[in-house]
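Below are the chains, spelled out letter by letter.
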Amino acid sequence: MNNFIFLGPPGAGKGSLAVKVAADYKIPHISTGDIFRAAIKNQTPLGIKVKAIIDSGALVSDEVTCELVKDRLSAPDVANGFILDGFPRTIPQAQMFTSICSDVKVVNFVIADEAVIRRLSTRRVCKSCGANFNVLTLPPKVEGVCDKCGGELYQRDDDKSESILHRMDVYREQTEPLINFFKEKGAITDLDASIETDVLLKEFKKIF
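Residues numbered from 1 in each chain as written. Predicted model: local features only at pLDDT ≥ 70, side-chain atom pairs only at ≥ 80, totals over all residues. Heavy atoms only, no water.

Asks: Looking at this structure, how should I read the layout of surface pockets?
Replies: In this approach a probe as big as a water molecule rolls over the atoms, and the regions it shows empty are the leftover space. Estimated volume of the second largest pocket: approximately 300 Å³. Taken together, 13 residues line the second largest pocket, and the ones lying closest to its centre are F36, L59, V60, T65 and Q93. For the lining of the second largest pocket, the secondary structure elements donating two or more residues are α2 (32-41) and α4 (62-72). The class makeup of the residues in the lining of the second largest pocket is five nonpolar, six polar and two charged. (1 Å grid on protein atoms, 1.4 Å probe; cavity = no way out; pocket = protein on both sides within 12 Å on 5 of 7 lines; lining within 4 Å. Points joined across faces, edges and corners; volume = space filled by probe spheres on them. Helix = DSSP H or I, 4+ residues; strand = E, 2+ residues; numbered from the N terminus. Nonpolar A, V, L, I, M, F, W, Y, C, P; charged D, E, K, R; others polar.)

Asks: Any chance you could explain the nonpolar core here in plain terms?
Replies: Where a protein is soluble and globular, its nonpolar side chains tend to be buried together. If you look at the biggest cluster of nonpolar residues, it comprises 30 residues, and the most contacted ones within it are I5, L7, L68, F82, L84, F97 and F182. If sequence neighbours within four positions are ignored, F82 has contacts with N2, N3, F4, I27, P28, I30, L73, F97 and C101. Membership of the second largest hydrophobic core comes to 23 residues, among which are A18, V21, V116 and L201. (Core = buried A, V, L, I, M, F, W, Y, C linked by side-chain atoms within 4.5 Å. Buried < 20%, exposed > 50% of the residue type's maximum accessible area, 1.4 Å probe, protein only. Contact = heavy atoms within 4.5 Å.)

Asks: How should the side chain of T122 be read in this particular structure?
Replies: Position of T122 relative to the elements: it lies in the loop between α6 (113-121) and β5 (123-126). When its relative accessible area of 12% is taken as the criterion, T122 is described as buried. At 2.7 Å, the side chain of T122 forms a polar contact with the backbone oxygen of R118. In this structure, T122 is in contact with F133, N134, V135 and L136, ignoring residues within four places of it in sequence. (Polar contact = N/O pair within 3.5 Å; in protein donor to acceptor, adjacent residues only side chain to side chain.)

Asks: Looking at this structure, how should I read the packing of aromatic side chains?
Replies: Geometry of an aromatic ring pair is reported as the spacing of the ring centres plus the angle between the planes. Counting across every chain of the model gives eleven aromatic pairs. Consider the rings of F87 and F97, whose centres lie 5.9 Å apart with planes at 80°: the pair is edge-to-face. Here F87, found in the loop between β3 (81-85) and α5 (91-100), pairs with F97, found in helix α5; they are ten residues apart in sequence, far enough to count as distant. Aromatic side chains F204 and F208 sit 4.8 Å apart centroid to centroid with 50° between the ring planes, which places their arrangement in the tilted category. (Phe/Tyr/Trp six-rings, centres within 6.5 Å; stacked < 30°, edge-to-face > 60°.)

Asks: Even after reading the chapter, I still don't get the pairing of β3, so can you show me in this structure?
Replies: Two faces belong to every sheet, and in a regular strand the side chains alternate between them. The buried count for β3 comes to five of five residues, which makes it a mostly enclosed element. By the bridge criterion, five bridges tie strand β1 (residues 2-7) to β3 in an arrangement that is parallel. Each bridged residue has a counterpart across the sheet, and for N3 the counterpart in β3 is F82. (Pairing = 2+ DSSP bridges.)

Asks: What am I meant to see in the sheet that holds strand β6 (residues 132-134) here?
Replies: What links the strands of a sheet is backbone hydrogen bonding, and the strands pair in either a parallel or an antiparallel sense. One open sheet holds the three strands; their spatial order is β6-β5-β7, and the pairing between them is antiparallel. Looking at which strands have only one partner, the edges of the open sheet turn out to be β6 and β7 (153-154). Across two bridges, the pairing between β5 and β7 is antiparallel. Across the sheet, the residue bridging to V125 is Y154, located in β7.

Spelled out as structure tokens, the structure:
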């Protein structure tokens, strides 16, 4: 079974690799953000609960998040496996998840802080279709214009240096302990995330 959890700091390239692995292995790429949005849009019982929590300004609890993930993993499209990106984020979430699904391969994206800062601070996103570009490694054909839809490219606030440093601090505090958690279970594999996505995909396929 191809059940994967992708772990790593923001800007490590988890999402980019997940898109390619999902296509090649014919499994869904699942992020908690997508699950939240879908549940709220479809007005499922859990979605209604999550919307009320978010509207009140509170954080969605680990228990509710895990219930949403469990519900998503019961869908028909996960018959051959899944990629979880951005979940679990904390040790309690990981403990709850392993009681739901014990057969999972954890991929740890290893990358230096300097590479993350360089990668994120040079990222540009299309306001219209959400496509990602990079002024250094994947520039648009016309500066500031999306190749795919002609929309305007911009720098997200959380891709600015101060925000990147804050996001990395949050990652270290909350999510990095998960690496040791899964290492103790013998379920984690390190990947050098500093290389280009296509090269990284080849390395991934050699292992899995």
